[in-house]
Amino acid sequence: MQTPRHVAIIMDGNGRWAEQRKRPRLIGHRAGARAVRDTIEFCIDHGVEALTLFAFSSENWARPQDEVSGLMRLFLSVLDREVDELARRGVRIRFIGEAQAFSPDIRKRMQTAEALTAGNSSLTLVIAANYGGRQDIAAAARALALDARDGRIDPDTIDEAMFATRVALADLPAVDLCIRTGGDLRISNFLLWQLAYAELWFTPTLWPDVDAATLQAAFDDFSRRQRRFGLTGAQVSQQQA
Ligand code: FPP
C-alpha cells in the first residue's frame with residue numbers, strides 16, 4: 001500500500017462547525033486545534049515524512065477583528081502548550097509565509113519552536129501562516145530577478161528546476177496528497193506551484209470533525225490512484241513491473 005510522503009491540508013469548516021452549535025466561531029477554531037493534534041499523531045503513526053497545514057492565509061486578515069485576534073491568541077497558546085510534546089515525539093516544526101506580519105510575541109514563539117525541533121526527523125510539520133501561493137511564487141521570481149541583476153545567475157538558465165528551488169518546501173519531498181475539508185472544491189491560494197502533481201482529496205467533513213477514520217479514507221483513496229505524471233497508464237504499469 002502506497003503511503004503519501006508529504007500531505008498538505010486545507011483545514012476548512014471551523015466556523016461552520018461552531019455556527020451549527022450556535023457557538024462563537026472561535027470555539028470552532030479551538031476544536032480545530034484538537035483535530036490538528038490527532039492529524040499529527042496519525043501522520044507519525046503512518047510514517048508520513050512531511051505534513052503541511054494551512055493555518056492562516058494572507059487573505060484571513062480581512063476577517064472580523066475579534067476573530068483574527070482570537071486566532072492569534074489560539075496560535076500562541078497552542079505553541080506554548082504543544083511544542084515540548086511535539087519535540088519529544090521527534091517532530092520538526094517549520095513555518096512558511098510572511099512572518100513579519102505577526103506580533104513579536106508570536107514570531108518569538110515560532111522561532112523558538114523551529115530552533116528547539118531543528119534536529120528532529122520523525123515528521124516535518126510545516127505550518128503555513130500568513131501564507132499565499134501567489135505571494136510564494138512572486139517571492140521566488142523576485143529572488144531570481146535580484147540574482148540575475150547582481151550577476152549571480154544568467155537569466156537564460158532559469159528553468160523549472162531552478163525556480164522550484166526558490167519556492168517554499170523546496171527541500172521536502174513533493175506534496176503527494178492534498179486534502180481539503182469543509183466541502184469546497186478548490187485550492188484557493190494554497191501551494192499553487194507545489195501541488196502540480198499532487199492527488200487532490202475533498203471531503204464535506206468539517207475540520208473539527210476530522211478523525212483517524214477520515215484520514216484513513218483519504219490515504220486509502222490515495223493508494224488506489226494511478227499517478228501518471230503525464231505518461232500513459234500503460235507506461236506507468238510497465239515502469240512499476
Ligand atoms: C478555516 O476554517 C480555518 C482557519 C482559518 C484557521 C485554522 C486554524 C486552526 C485549525 C487552529 C489551530 C491550528 C494550528 C496549526 C495551531 P473557517 O473559519 O474558514 O471555516 P468556515 O469555512 O466554516 O467559516
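Residues numbered from 1 in each chain as written. Predicted model: local features only at pLDDT ≥ 70, side-chain atom pairs only at ≥ 80, totals over all residues. Heavy atoms only, no water.

Description of the overall build of the protein
Next, step 1: Assigned secondary structure in the protein consists of eight helices and six strands.
Next, step 2: Each helix and strand of the protein, ordered N terminal to C terminal, gives the series β-α-α-β-α-β-α-β-α-α-β-β-α-α.
Next, step 3: For the protein, the spread of C-alpha atoms along the three principal axes comes to 55 × 50 × 35 Å.
Next, step 4: The proportion of buried residues among the 241 residues of the protein is 46%.
Next, step 5: Roughly 12600 Å² of accessible area belongs to the protein as shown, and the carbon and sulfur atoms make up 51% of that amount.
Next, step 6: Where the 30 positive side-chain charges of the protein centre and where its 31 negative ones centre are 5 Å apart. (Helix = DSSP H or I, 4+ residues; strand = E, 2+ residues; numbered from the N terminus. Buried < 20%, exposed > 50% of the residue type's maximum accessible area, 1.4 Å probe, protein only. Areas by Shrake-Rupley, 256 points an atom, 1.4 Å probe, with all protein chains shown as cover. Lys, Arg positive; Asp, Glu negative; His and termini not counted. Charge placed at Lys NZ, Arg CZ, Asp CG, Glu CD.)

Quick notes on the sheet that holds strand 1 (residues 6-10)
Strand pairing in a sheet takes place through backbone hydrogen bonds and is either antiparallel or parallel in direction.
Next, step 1: Within the open sheet, the six strands sit side by side as 3-4-2-1-5-6. Their pairing is parallel. Every other strand in the sheet has two partners, leaving strand 3 (91-96) and strand 6 (199-202) as the edge strands with one partner each. Between one strand axis and the next, the sheet turns by 20° as a mean value, whatever way the strands run.
Next, step 2: In terms of strand pairing, strand 1 meets strand 5 (residues 177-180) through four bridges, oriented parallel. (Pairing = 2+ DSSP bridges. Axes fitted to C-alpha atoms, helices over the stretch in contact; angles between N-to-C directions.)

Points about the packing of helix 3 (residues 65-88) against helix 4 (residues 104-117)
Next, step 1: Where helix 3 contacts helix 4, the axes come no closer than 10 Å and their chain directions differ by 15°. The orientation of helix 3 relative to helix 4 falls into the category roughly parallel. Here the hand of the crossing between helix 3 and helix 4 comes out left-handed. When helix 3 is examined against helix 4, the residues Met 72, Leu 76, Leu 79, Asp 80, Val 83, Asp 84 and Ala 87 are found in contact with a partner set consisting of Asp 105, Ile 106, Arg 109, Met 110, Ala 113, Leu 116 and Thr 117. (Parallel < 35°, antiparallel > 145°, perpendicular 65-115°, else oblique. Left-handed = near helix turned anticlockwise from the far one by under 90°. Contact = heavy atoms within 4.5 Å.)

A short note on the site of the ligand
Next, step 1: Lining the immediate surroundings of the ligand are 19 residues, of which Asp 12, Gly 15, Arg 16, Arg 25 and Arg 63 lie closest.
Next, step 2: One nitrogen or oxygen atom from the side chain of Arg 25 is found 2.9 Å from an oxygen atom belonging to the ligand.
Next, step 3: Surface burial for the ligand is 90%, taken as the share of its 630 Å² of free accessible area covered by protein chains.
Next, step 4: Mapped by element, the contributors of at least two residues to the shell around the ligand are helix 1 (14-20), helix 2 (25-45) and helix 3.
Next, step 5: Ranked by residue count, the leading element in the shell around the ligand is helix 2, at five residues.
Next, step 6: Its residues assigned to classes, the shell around the ligand shows nine nonpolar, six polar and four charged. (Near = heavy atom within 4 Å. Polar contact = N/O pair within 3.5 Å; in protein donor to acceptor, adjacent residues only side chain to side chain. Nonpolar A, V, L, I, M, F, W, Y, C, P; charged D, E, K, R; others polar.)

Here's the deal with the UniProt feature "active site" (unreviewed entry) in the protein
Next, step 1: With numbering matched to this structure, UniProt assigns "active site" (unreviewed entry) to Asp 12 and Asn 60. Across 49 residues in sequence, these annotated residues keep their C-alpha atoms within 12.2 Å of one another, forming a single compact spot.
Next, step 2: As for its position among the elements, Asp 12 is in the loop between strand 1 and helix 1.
Next, step 3: Residue classification places Asp 12 among the buried residues on the basis of a relative accessible area of 19%.
Next, step 4: A polar side-chain atom of Asp 12 sits 3.0 Å from a polar atom in the side chain of Arg 180.
Next, step 5: Mapped onto the fold, Asn 60 is located in the loop between strand 2 (50-57) and helix 3.
Next, step 6: A distance of 2.8 Å separates the side chain of Asn 60 from the backbone nitrogen of Ser 57, its partner in a polar contact. (UniProt positions renumbered as here; feature names shortened; annotations may be inferred.)

Here we look at helix 2
The α-helix advances 3.6 residues per turn, and as a result positions three or four apart in sequence lie on the same side.
Next, step 1: The end-to-end C-alpha distance of helix 2 is 31 Å, a good match for the 30 Å that 21 residues give at a rise of 1.5 Å each.
Next, step 2: Taken as a whole, helix 2 has its buried residues at Gly 28, His 29, Ala 31, Gly 32, Ala 33, Ala 35, Val 36, Thr 39, Ile 40, Phe 42, Cys 43 and Ile 44.
Next, step 3: Positive backbone phi, approximately 70°, marks Gly 47, located one or two places after helix 2. (Expected span 1.5 Å × (residues − 1).)

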